[in-house]
Amino acid sequence: MRSGVGMKTIILTGDSHLGAIRRGWETLSETGKERFAFWPLGKGSGVRVPCHVFNADAGSVTTTPELWRNREFSQKTIAAIDPDAIVVVSLPLNTSRILRDYSWHTHAPWHLATEELALSDQVIAKMIERDSIHAVNLVRDLALIWPALAVVEAPRFFANASYLTAKRLDVCLYVDTVYRQTVRQELAAAGVDVVAQPAATILPQGTTALKYDHPDPADDHHANEAYGRLVLDDIIRYADATG
C-alpha cells in the first residue's frame, strides 16, 4: 500500500475510539481513503497491566493483552505499508478507566472534597500514573522504532455518562483535566506529538458536546461519525504538515 505522490500513508492503531475515526473515514472519497491503514488493537482496558514487549535488538514492539488483536510493530512491518508512513495511536489519552472504575463518589481531590474522603495531589498523581503508565510506555517504545508517530486524543466524557449519576461532574472534570495534562507532559518528554480533540467538539464546561455522542443510546462513551471525521481531518492536516 502506497499513498499518492507527496502524501504519507497514515496508520491508525489503538483502542476502541478508532471506531469513530473509522466511521469518519467511510465518509471520505475513495481516493481519500487510500492513504489510511487501520490496525486496531482492542479495548483500553488492556493497558491496566503491561501490554507489550519491546525487543531492542530486533527493533520491534509486540502487543500482548489476551483479548487484543495483537500485532508486531517494527520498521519492517511499517515500511512494508509505506517507508514514509506516520503511525497515529489512540490509547494513552483515554480517561475513561480512571473516571468509570475509580470511587469518585466516595473520594475526591482535597480541594473539592465535601463529604468525600479527601485525596492529596500526590495520591491523585499516583493514581493517574498507575492508570496511564503502560499505554505511555507502549508509545514511548513505538517511537523508538518509528519516530514518525503521534498520539490522537480520545474525546472528553459526555454529560450523559452513566457514572455521573453517582459521581460529581466537577470532580470528574478535574480528574480528566489533570490526567490529560500529565500524560501530555510524559508524551512531550518522549518527543511524541498529540493530535488534540477538535476544539469545536468541547463545550465550555469541558465535556464533549452531545451532538457528537454515539448514536446507540446504550453507548455513552464513544463518539459518532461526525466527530470521527473532524478528528480525521485534523490527523490529515498534522500528517501533511510533518516534514
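Described in the following lines is the structure provided in the data block. (Residues numbered from 1 in each chain as written. Predicted model: local features only at pLDDT ≥ 70, side-chain atom pairs only at ≥ 80, totals over all residues. Heavy atoms only, no water.)

Things to note about the nonpolar core
Defined as follows: Each nonpolar core is a collection of buried residues, namely Ala, Val, Leu, Ile, Met, Phe, Trp, Tyr and Cys, held together in the definition by side-chain atoms within 4.5 Å. With a 1.4 Å probe rolled over the protein chains alone, any residue whose accessible area is under 20% of its type maximum counts as buried; one over 50% counts as exposed, and the rest are partly exposed. Helix and strand definitions follow DSSP, with helices as H or I runs of at least four residues and strands as E runs of at least two, each counted in order from the N terminus. Contacts between residues were defined by any pair of non-hydrogen atoms, one from each residue, lying within 4.5 Å.
In this structure, I11, I98, W104, L142 and L149 are the most contacted members of the largest nonpolar core, which totals 48 residues. Of all the elements in the fold, those that place two or more residues in this core are β2 (36-40), β6 (86-90), α4 (96-100), α5 (121-145), β9 (149-152) and α6 (169-189). Among the elements that take part in this core, α5 stands out by supplying 10 residues, more than any other. With near-sequence residues (within four places) excluded, I11 lies in contact with A37, W39, I78, I81, A85, I86, V87 and V88. The next biggest cluster of nonpolar side chains, apart from the first, holds 25 residues, and it includes L12, L28, F158 and A209.

Here we look at α6
Note the following rule: Here the expected span of a helix is defined as 1.5 Å times the quantity of residues minus one.
Taking 1.5 Å of rise per residue, 21 residues should cover 30 Å, and α6 covers 30 Å from first to last C-alpha, within 8% of that figure. Those residues of α6 not exposed but buried are V171, C172, L173, V175, D176, V178, Y179, R180, V183 and L187. Tucked into the core, α6 has its buried residues touching α4, β7 (107-109), α5, β9 and β10 (193-195). Once α6 ends, the next one or two residues include G191, with phi positive near 75°.

Looking at the pattern of salt bridges
This is how it is decided: Salt bridges are counted wherever a side-chain nitrogen of Lys or Arg sits within 4 Å of a carboxyl oxygen of Asp or Glu.
In the structure shown here, the tally under the stated rule is 15 salt bridges. Put simply, E153, R156, D176, R180 and R184 are held in one network by salt bridges that share partners.

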